[in-house]
Amino acid sequence: MALPHGAPGELIDIRPLGEHLRNERTHALFKTDQLEAIRIVLPAGAEHPQRAANGEITVQCLEGSVLFHAMRKTLLMKAGDMLYLKSCEPHSVEAIEDASLLVTMLIEHEQKD
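Here goes a summary of the coordinates provided.

The rules behind these values
Residues numbered from 1 in each chain as written. Predicted model: local features only at pLDDT ≥ 70, side-chain atom pairs only at ≥ 80, totals over all residues. Heavy atoms only, no water. Salt bridge = Lys/Arg side-chain N within 4 Å of Asp/Glu carboxyl O. Helix = DSSP H or I, 4+ residues; strand = E, 2+ residues; numbered from the N terminus. Buried < 20%, exposed > 50% of the residue type's maximum accessible area, 1.4 Å probe, protein only. Pairing = 2+ DSSP bridges. Axes fitted to C-alpha atoms, helices over the stretch in contact; angles between N-to-C directions. Core = buried A, V, L, I, M, F, W, Y, C linked by side-chain atoms within 4.5 Å. Contact = heavy atoms within 4.5 Å. Polar contact = N/O pair within 3.5 Å; in protein donor to acceptor, adjacent residues only side chain to side chain.

1. What about the pattern of salt bridges?
Right, so step 1: Per the stated rule, a full pass over the model turns up 3 salt bridges.
Right, so step 2: We note a salt bridge from Arg 39 to Glu 63, for which the minimum N-O separation is 3.7 Å. Within this pair, whereas Arg 39 is found in strand E2 (residues 35-42), its partner Glu 63 is found in strand E4 (residues 57-63), the two being separated by 24 residues in sequence. We note that Arg 39, like Glu 63, is buried.

2. Re the sheet that holds E4
Right, so step 1: One open sheet accounts for 5 strands, arranged E1-E2-E9-E4-E7; its pairing is antiparallel. Sheet topology places strand E1 (27-31) and strand E7 (82-85) at the edges, where each strand pairs with a single neighbour. Mean inter-strand twist for the sheet, computed between neighbouring axes without regard to direction, equals 20 degrees.
Right, so step 2: Looking at chain direction, E1 and E2 are connected through 4 bridges and run antiparallel. Directly across from Lys 31, in E2, lies its bridge partner Glu 36.

3. Observations concerning the nonpolar core
Right, so step 1: Of all hydrophobic cores here, the largest spans 20 residues; its most connected members are Leu 42, Val 59, Val 66, Phe 68, Met 77 and Leu 101.
Right, so step 2: Sorting the residues of this core by element identifies E2, E4, strand E5 (65-70), E7, strand E8 (91-95) and strand E9 (99-106) as the ones contributing at least two each.
Right, so step 3: With 4 residues, the top contributor of residues to this core is E9.
Right, so step 4: The contacts of Leu 42, once residues within four sequence positions are left out, are Leu 21, His 48, Val 66, Val 93, Ala 95, Glu 97, Asp 98, Ala 99 and Leu 101.

4. Structural notes on the sheet that holds strand E3 (residues 47-51)
Right, so step 1: Strand order in the open sheet formed by 4 strands is E3-E8-E5-E6, with antiparallel pairing between adjacent strands. The open sheet terminates on both sides in strands that have one partner only, identified here as E3 and strand E6 (73-78). Mean inter-strand twist for the sheet, computed between neighbouring axes without regard to direction, equals 20 degrees.

5. What to know about the environment of Arg 22
Right, so step 1: With respect to the helices, strands and loops of the structure, Arg 22 is situated in the segment before E1.
Right, so step 2: When the C-alpha positions of Arg 22 and Leu 42 are compared, they lie 8.4 Å apart, and in sequence the two are 20 residues distant.
Right, so step 3: Each residue touching Arg 22, except ones within four places of it in the same chain, is listed here: Pro 43, Ala 44 and Asp 98.
Right, so step 4: Here the side chain of Arg 22 touches Asp 98 through a polar contact of 3.0 Å, side chain to side chain.

Written out as structure tokens, the structure reads:
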């Protein structure tokens, strides 16, 4: 069953999942024509394969720890750490321990002539 998206002006809970993390799945928190927020849930040892978003992104580690690979380097992200990437920057993530991330993406649309 899909989780409902947040509505404008509605509170969205992004607190750490704690003991419930293992039972949760990755899901979109909200999506508009220009912006999307996703909670990515990764159990220890899981990998989020390389991709490149068509728009700038922020990644915030909400809990746990991950190795974030981008721009020819690897960063250890722990709860409270945040980074951003420019559009189309290839990146991947691997969970060191059970973790959840908040990913926010600006959605770029092709200009029509």
